[in-house]
Amino acid sequence: MRRLLLLAGLLLLQRGRGFEFVIDGEWEDEMSHTRDHRERHKRAALTSEEQEDFEAIRGDDLTIKSYKVETRITSRFAHTTVRSSVVNSGAKSQSIGFNVQIPKRAFITNFTMNVNGIIFVGSVKEKTVARNLYAQAKARGKAAGIVRANSQDTETFKTEVFVPPGSNIEFELHYQEMMYRKLGSYEHTLHLQPVRLVPQFQVDVYIFEPKGISMVQTTNTFGDQFAELIKVTSTKDKAHISFKPNLQQQRKCPNCTNNAVDGFLTVQYDVTRDSNAGELQVSDGHFVHFFAPTNLSPLPKNIVFVIDISGSMWGVKMKQTVEAMQAILDDLTIDDHFSVIDFNHNVRCWREDLVPGSSIQVEDAKMYIRNIKPNGGTNINEALMRAVQMLVKGSNQGLIDPRSVSMIILVSDGDPTVGEIKLSTIQKNVKRVMREEFSLFSLGIGFDVDYDFLERIAMENRGMAQRIYANHDAAEQLRTFYRQLSSPLLRKITVQFPEDTVSDVTQSRFDKYFSGSELVVAGKVLPSESDTLTSFTTASGARMDLNLETEGDFTELDTELSKQQHSFTGFARQMWAYITVKQLFSERSLAPSASKKRKITQRIMALAVEHQFVTPLTTLLVESEDGKERLLADSPRDQKHGCCIGIGVGGGSSSSHKTPQVVYSAPPWVQVTMAPPPSQAVKGHEEWTLPNQVNLVDNDPHFIVHLPRENMDVCFNIDSTPGDILNLVSDSGTGLVVNGRLVGAKRVHKSKLSTFFGSISVYYQPDGVGVTVDPAGITMSDGQSNHTFTWGATADITQDGVRISIVKNSHVSIVVNHDVQVMVLLHRVWKKNPINVDFLGVYIPNENRYSPLVHGLIGQFSREPEVSVHDVREGVDPLKKEAIMEVKGNQLLVTRGWQKDYRHDKRRGSSIYCWFIHNNGKGFIDGHYTDYIVPEPRSFLRPPETRSGSL
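Anyway, here's the lowdown on the structure attached to this text. (Residues numbered from 1 in each chain as written. Predicted model: local features only at pLDDT ≥ 70, side-chain atom pairs only at ≥ 80, totals over all residues. Heavy atoms only, no water.)

Things to note about the overall build of the protein
Part 1 of the reasoning: On a plain count of helices and strands, the protein comes out with 13 helices and 55 strands.
Part 2 of the reasoning: For the protein, the residues scored as buried account for 60% of the 951 residues in total.
Part 3 of the reasoning: When contacts within the protein are restricted to residue pairs at least 6 apart in sequence, those whose partners lie at least 24 apart make up 68%.
Part 4 of the reasoning: Accessible surface, the protein as shown: approximately 38,000 Å² in total, 49% of it carbon and sulfur. (Helix = DSSP H or I, 4+ residues; strand = E, 2+ residues; numbered from the N terminus. Buried < 20%, exposed > 50% of the residue type's maximum accessible area, 1.4 Å probe, protein only. Contact = heavy atoms within 4.5 Å. Areas by Shrake-Rupley, 256 points an atom, 1.4 Å probe, with all protein chains shown as cover.)

A closer look at the pattern of salt bridges
Part 1 of the reasoning: For the structure shown, the criterion picks out 42 salt bridges.
Part 2 of the reasoning: Here the residues in one salt-bridge network are Arg76, Arg181, Glu209, Asp270, Arg273, Glu279 and Glu518, joined through shared partners. (Salt bridge = Lys/Arg side-chain N within 4 Å of Asp/Glu carboxyl O.)

As for helix 8 (residues 451-459)
Part 1 of the reasoning: Counted residue by residue, helix 8 has nine buried out of nine residues, so it is predominantly covered.
Part 2 of the reasoning: Among all positions of helix 8, only Tyr451, Asp452, Phe453, Leu454, Glu455, Arg456, Ile457, Ala458 and Met459 are buried.
Part 3 of the reasoning: Considering only its buried residues, helix 8 is in contact with helix 6 (380-396), strand 25 (405-412), helix 7 (423-433), strand 26 (438-445), strand 27 (465-468) and helix 11 (571-589).

Brief notes about the side chain of Arg467
Part 1 of the reasoning: Mapping Arg467 onto the fold places it in strand 27.
Part 2 of the reasoning: Engagement of the side chain of Arg467 in a polar contact is seen with the backbone oxygen of Gly446, the distance being 2.3 Å. (Polar contact = N/O pair within 3.5 Å; in protein donor to acceptor, adjacent residues only side chain to side chain.)

Focus: the sheet that holds strand 20 (residues 286-291)
Part 1 of the reasoning: The antiparallel open sheet is built from four strands, whose spatial order is 19-20-31-29. Taken across any chain shown, the strands that pair with only one partner, and hence form the sheet edges, are strand 19 (279-283) and strand 29 (502-503).
Part 2 of the reasoning: Sheet topology places strand 19 next to strand 20; five bridges connect them, and they run antiparallel. Across the sheet, the residue bridging to Gln281 is Val288, located in strand 20.
Part 3 of the reasoning: Sheet strands in contact with helix 11 are strand 19, strand 20 and strand 31 (519-525), and its direction is about 70° off that of strand 20. (Pairing = 2+ DSSP bridges. Axes fitted to C-alpha atoms, helices over the stretch in contact; angles between N-to-C directions.)

Here we look at the packing of helix 7 against helix 8
The relative placement of two packed helices comes down to the angle between their axes together with the axis-to-axis distance.
Part 1 of the reasoning: Orientation of helix 7 relative to helix 8, taken along the N-to-C sense of each, is 20°, at an axis distance of 10 Å. Judged by the angle between their axes, helix 7 and helix 8 are roughly parallel. Seen from above, helix 7 lies across helix 8 with right-handed handedness. Where helix 7 abuts helix 8, its residues Leu423, Ile426, Gln427 and Val430 lie against Phe453, Arg456 and Ile457.
Part 2 of the reasoning: Residues of the contact of helix 7 with helix 8, tallied by class, amount to five nonpolar, one polar and one charged. (Parallel < 35°, antiparallel > 145°, perpendicular 65-115°, else oblique. Left-handed = near helix turned anticlockwise from the far one by under 90°. Nonpolar A, V, L, I, M, F, W, Y, C, P; charged D, E, K, R; others polar.)

Comments concerning the environment of Ser911
Part 1 of the reasoning: Along the chain, Ser911 turns up in strand 54 (residues 910-917).
Part 2 of the reasoning: Exposure remark for Ser911: the relative accessible area of 39% places this residue in the partly exposed category.
Part 3 of the reasoning: Considered as a pair, Ser911 and Gly897 are 14 residues apart in the sequence and their alpha carbons are 9.6 Å apart.
Part 4 of the reasoning: Not counting chain neighbours up to four residues away, the residues in contact with Ser911 comprise Trp898, Gln899 and Lys900.
Part 5 of the reasoning: Of the polar contacts made by the side chain of Ser911, one reaches the side chain of Lys900; its length is 3.4 Å.

Examining the sheet that holds strand 13 (residues 185-192)
Part 1 of the reasoning: Spatial strand order, 12-13-18-15: four strands in an open sheet with antiparallel pairing. Two strands close off the open sheet at either side, each with one partner strand: strand 12 (181-182) and strand 15 (213-220).
Part 2 of the reasoning: Sheet analysis places strand 13 next to strand 18 (residues 263-271), joined by seven bridges and oriented antiparallel. Note on strand 18: the bridge partner recorded for Leu192 is Gly263.

Considering the pairing of strand 45 (residues 786-789)
Part 1 of the reasoning: Burial along strand 45 is one-sided: His787 and Phe789 are buried, while Asn786 and Thr788, pointing the other way, are not.
Part 2 of the reasoning: When strand 44 (residues 777-781) meets strand 45, the two strands line up antiparallel, connected through four bridges. Note on strand 45: the bridge partner recorded for Ser781 is Asn786.
Part 3 of the reasoning: Connecting strand 44 to the next strand, strand 45, in antiparallel fashion are four residues, including Gly783 with a positive phi near 90°.

Notes on the state of the cysteines
Part 1 of the reasoning: Within this structure, the stated rule accounts for one disulfide.
Part 2 of the reasoning: Cys715 shares a disulfide with Cys914; S-S distance 1.7 Å. Measuring the twist about the S-S bond at about -120°, one finds the Cys715-Cys914 disulfide to be left-handed. Highlighted residues: Cys715 in strand 39 (residues 712-717) and Cys914 in strand 54, separated in sequence by 199 residues. For the pair Cys715 and Cys914, a shared accessibility class is recorded, and that class is buried. (Disulfide = S-S within 2.5 Å.)

Examining the packing of aromatic side chains
Part 1 of the reasoning: Using the criterion set out here, one finds 24 aromatic pairs in the structure.
Part 2 of the reasoning: Look at Phe98 and Phe171: their rings are 4.8 Å apart centre to centre, the planes differ by 5°, and that puts the pair in the stacked class. Of this pair, Phe98 sits in strand 6 (residues 94-103) while Phe171 sits in strand 11 (residues 168-178), placing them 73 residues apart in sequence.
Part 3 of the reasoning: According to the relative accessible area criterion, Phe171 is buried, its value standing at 1%.
Part 4 of the reasoning: Ring geometry for Phe226 against Phe243: centres 6.0 Å apart, planes inclined by 80°, an arrangement best described as edge-to-face. Of the two residues, Phe226 sits in the loop between strand 15 and strand 16 (230-234) while Phe243 sits in strand 17 (residues 238-243), which places them 17 residues apart along the sequence. (Phe/Tyr/Trp six-rings, centres within 6.5 Å; stacked < 30°, edge-to-face > 60°.)

Re the packing of helix 11 against helix 12 (residues 594-611)
Part 1 of the reasoning: Where helix 11 meets helix 12, the axes come as close as 10 Å, and the angle between the chain directions of the two elements is 155°. If you check the angle between helix 11 and helix 12, you find them roughly antiparallel. The chirality of how helix 11 crosses helix 12 is left-handed. Every residue of helix 12 that contacts helix 11 at Arg573, Gln574, Trp576, Ala577, Thr580, Val581, Leu584, Phe585, Glu587 and Arg588 is listed here: Lys597, Ile600, Thr601, Arg603, Ile604, Leu607, Glu610 and His611.
Part 2 of the reasoning: Looking at the contact of helix 11 with helix 12 residue by residue, the class counts come to eight nonpolar, four polar and six charged.

Focus: the environment of Leu853
Part 1 of the reasoning: The topology assignment puts Leu853 in the loop between strand 50 (839-845) and strand 51 (867-873).
Part 2 of the reasoning: As for Leu853 and Gly733, which are separated by 120 residues in sequence, their C-alpha atoms are 5.7 Å apart.
Part 3 of the reasoning: Not counting residues within four places of it along the chain, the set of residues in contact with Leu853 comprises Ser730, Asp731, Ser732 and Gly733.

See the structure below:
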């Protein structure tokens, strides 16, 4: 590959419309097809008041007429436009610059200029094509560029134009980026640096999230005096952040001509999530699946910290590493296991084996790290080998939980100088010994470290790398990085779709999911007769396995986007391309052969040209309408930073790259592996079904007990008070209990306060697993942790001997050891109902297998009593016959009526005719109904001798 290095420099051209640009980086020759794309530049006129301001601040060299920034964020994808209008108000020709700092993870998509009415428009092309066109125009070295500065999150687009006096120049830059969720929120940062006072200064950020916005806030580095000028307006699903300081507000001091607005405006927000199954959006022939479950308990961690203590770490680097490690170690819990390895030319272990994260061990490790004195060389290979051996030993000896998360965190500031120093060999050695369940994270401190190597070795081992900038906040950077990994919630996450419904799916299998982050899968939607797309997500938690299902409507989102004035209607298509290109760059850096690398390169260039992304393999060709004047805006490759700074993509095993369908660029805090193609069509939710005849409690609360031998249904009501907990099944023999808590209506209706089941609790004592169902959601707990799921998606959750099957906004089935099943039905009342509240119905099959000790309002009827009904006659109500029932030695006056089974029709229900027992089931149930009131949701019934009645 032939490279042309463009040197940074200042080129003063004599022609009035000549250009001068600054660039730093390399060009690469690659071939691909191109597509021309042009956009007209629109000029912004000043109002009369702004024109007066313009005249008042007109300088003797140049004057900025306007400075406008607009971002449109739709479903976590942002399109930003920066516009600036400048006048050469001096008496001589001069260079006028346009500098914009953009996020390193963003792709520039266009740049246009209007110079004295001559418009220059940009289009992204493959570099060789762009260079040939550039040469044909005899541009004499003119170029634009992206200067990759020593900054953590941004790089600078920089261009200059040499123009005569009185010239008007308008610049417009477009870039796009995906919002990554980090520590519970998305963050969009704009660097504002107009330098001079501006009559027309305006910043607008528009956010549209279809599912809703749960939080939005702003911060800035300009100063507290600007905080009140930043206006935030938000509704359920939209937000608008505006910043429009006038001239006086912009001044650094009352008579200053310099602009005080110089720094960062940051917008943080998060979205509303109504389901742990994720959010599936379909738009413009593409889909995006967002997965960010909450209310799950963390998995235990096994961490080996590998710290470089070579001589180059002396001073501030070591001091801030030690400071960060003190806070990181304090975060460990007794369920975590850890050790510390420090290395220079030698390798030392604080402990030879992993130890629990107890307070004693943590304090000892902190003291050990505080006493480190950096010196000597750098033996990375042996240090990493020892770290892997420590994890393997712990796993082989059964010292660590098989469902825990094992990781190595490497902190280094230099290249290997001792032992094995060949980077490719170290990379092969680590990959050879690392197990699939282990991950490696690399932290490179400073600018002299070979970050490209650290990134490759991490990506190849299900991890990611991050550069830590050796400045005053390096310790905070280390702590922030660790916080992103400190709470793993799920392992082995896979997102799949039914066969022949999607194509070109981005990577859909992930090693781990960390709290506060988000997994994103995107792809193209194939033509279908259906109007919805379904996704199926599987994952493993601390003690549970999850199967989740969610749906996305084909047309609903596009219809909504067409109504939104400031939405980005092409977000899904661009997001898919963005993720794919980022992932392909990661694959390219790990390509095992030159031919494989060439194929990946060609695909990157084709996608970048089609979607107009300036990447290290493409260039933005900016040309006048007649094609005689051209310049290039290039995105350079910096070997120290790697090809894709800030991407932080984790890769899968080499064998996984055989699947071309699956490509994905994960957030920096997620490790991913490629998913194998499904061997068969993905199956939907397999629901546990109930038999036709069941015992049930529904409505107010009405009990219906089915007696199979007599083929008879018997009904009774329980009129208790809100807050009472009624025992339905209490089986001390198997350790199972089912209880229901009553809630009252909002007010008395017809002289009666109705009560309903507001929550149902199922507790299985042998495994210590409890399930609580209420209208807000379903919670599974195991004594140590709680996991909460909403009614917003269909899901299957399995933990120990308990399985929960949720059918979206309908019902949940709880199955214990395949022996006992309980179905809880959700009843939603219409919104703002003045009387009734949301409530639950309970359905329990007769076929459940209990022990002989089972009891409870329903459990007691697992032993069917002898029942006879005679003397059937007309009742007071001609539609309801009366009779005498003999049961348990009692003669009861019963009434023939009907109750509702809502399993098949929640609105109207199915009528079940039954003999109704009056007075709270007295004589039919053992004892008095108050005997079945228990103190806690997990309480078993008291022994018979302690109850008020005889059971």
